[in-house]
Amino acid sequence: MPDLIAKSALGFAPFALAGTTLAEVDMGQITAIAPFPGQSEALSRALGMAFPAPGAVTQSGDARLVWAGRDIAFLIGPVPPDGLPAAVTDQSDGWVSLALTGACTVDVLARLVPLDLRAAQSGQVFRTALNHLPLIVLVGTERSFTLLTYRSMARTAWHEITEAMVKVGARAATG
């Protein structure tokens, strides 16, 4: 059996401009959890936290359940226990996580996603697109977002976001 070595999707140093920073972050284990029909309550008991409503996150200690679409959530953090009443799939190597933080985050994202994030609340989750790339947006604070997209699209997402940062930075510099 081959000995595989885990590598980051990008390996880039953080990119900072105009008080805003883009960085690849390791979220640890990401597991897709889809409860079997009628098993949401049993799943919630087994995980020790409620299955998230659309657009929400539930948390217990270091474990987070992030809404990821209809009847599916991502368990971020721990390895899920065996025997869950759900379809369980390790997604860790399929996604890249980018942290966008700083003063111009909303302005940068306004150029890329079809959502008005100015009123987004901490703990909200949005399933959307970054230009043409599928995207999950986790709202941290008004100036911090975690962006999840497919690992195969990581370089394109990085390019799109850094280009928007340059444009927002140039606009801020001219005043």
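Residues numbered from 1 in each chain as written. Predicted model: local features only at pLDDT ≥ 70, side-chain atom pairs only at ≥ 80, totals over all residues. Heavy atoms only, no water.

Caption draft 1: Fine view of the sheet that holds strand 3 (residues 29-35). If you trace the five strands from one edge of the open sheet to the other, you get 4-5-6-3-7, paired in antiparallel fashion. One side of each edge strand has no neighbouring strand; the edge strands of this open sheet are strand 4 (57-60) and strand 7 (86-90). The sheet shows a mean angle of 25° between the axes of neighbouring strands, direction not considered. Contacts from helix 1 (residues 40-47) reach strand 3, strand 5 (63-69), strand 6 (72-77) and strand 7 within the one sheet, and its direction differs from that of strand 3 by about 150°. (Pairing = 2+ DSSP bridges. Helix = DSSP H or I, 4+ residues; strand = E, 2+ residues; numbered from the N terminus. Axes fitted to C-alpha atoms, helices over the stretch in contact; angles between N-to-C directions. Contact = heavy atoms within 4.5 Å.)

Caption draft 2: Fine view of the sheet that holds strand 1 (residues 15-17). Taken together, the six strands give an open sheet; going across it, the order is 1-2-8-11-10-9, and neighbouring strands pair in antiparallel fashion. With one partner strand each, in any of the chains shown, strand 1 and strand 9 (125-130) form the two edges of the open sheet. Neighbour to neighbour, the strand axes of the sheet diverge by 25° on average, direction disregarded. Where strand 8 (residues 95-102) meets strand 11 (residues 144-150), seven bridges bridge the pair, whose relative direction is antiparallel. Within the sheet, the bridge partner assigned to V96 lies in strand 11 and is T149.

Caption draft 3: Spatial organisation of the pairing of strand 8. Of all eight residues in strand 8, seven are buried; the element is thus mostly enclosed. Where strand 2 (residues 20-25) and strand 8 come together, six bridges link them in antiparallel fashion. Within strand 8, the residue paired with T21 across the bridge is T101. (Buried < 20%, exposed > 50% of the residue type's maximum accessible area, 1.4 Å probe, protein only.)

Caption draft 4: Broad picture of the packing of aromatic side chains. In this structure the tally under the stated criterion is three aromatic pairs. Relative to W95, the ring of F74 has its centre 5.2 Å away and its plane inclined at 70°; by these criteria the two rings are edge-to-face. Of this pair, F74 sits in strand 6 while W95 is found in strand 8, placing the two residues 21 residues apart along the sequence. Connected via pairs of aromatic rings, a cluster forms that spans F74, W95 and Y150. (Phe/Tyr/Trp six-rings, centres within 6.5 Å; stacked < 30°, edge-to-face > 60°.)

Caption draft 5: Representation of helix 3 (residues 154-174). With 21 residues, helix 3 should reach 30 Å at 1.5 Å per residue; the first-to-last C-alpha distance of 30 Å fits that figure. Listed in full, the buried residues belonging to helix 3 are A154, A157, W158, E160, I161, T162, A164, M165, V168 and G169. (Expected span 1.5 Å × (residues − 1).)

Caption draft 6: Region of interest: the side chain of T128. Structurally, T128 is set in strand 9. Dropping the residues within four chain positions of it, T128 is found in contact with V113, P114, L115, L133, P134, L135 and V137.

Caption draft 7: The arrangement of helix 1 in detail. Within helix 1, the full set of buried residues consists of L43, S44 and L47. Seen from one end, helix 1 has its buried residues packed into an arc of 100°, which puts them on one side. Residues of helix 1 that are exposed and point over 90 degrees away from its buried face: E41 and R45. As for helix 1, its buried residues are in contact with strand 3, strand 5, strand 6 and strand 7. (Arc of directions from axis to C-beta.)

Caption draft 8: Looking closely at the nonpolar core. In this structure, L98, L100, V108, F145, L147 and I161 are the most contacted members of the largest nonpolar core, which totals 28 residues. Of all the secondary structure elements, the ones that give two or more residues to this core are strand 8, helix 2 (105-110), strand 10 (133-141), strand 11 and helix 3. Of the residues forming this core, the biggest block, seven residues, is contributed by helix 3. Apart from the residues lying within four places of it in its own chain, the contact partners of L98 are L10, L22, A23, E24, V25, F145, T146, L147, A157, W158 and I161. Counting 13 residues, the second largest nonpolar core, distinct from the first, contains W95, V125, I136 and L148. (Core = buried A, V, L, I, M, F, W, Y, C linked by side-chain atoms within 4.5 Å.)

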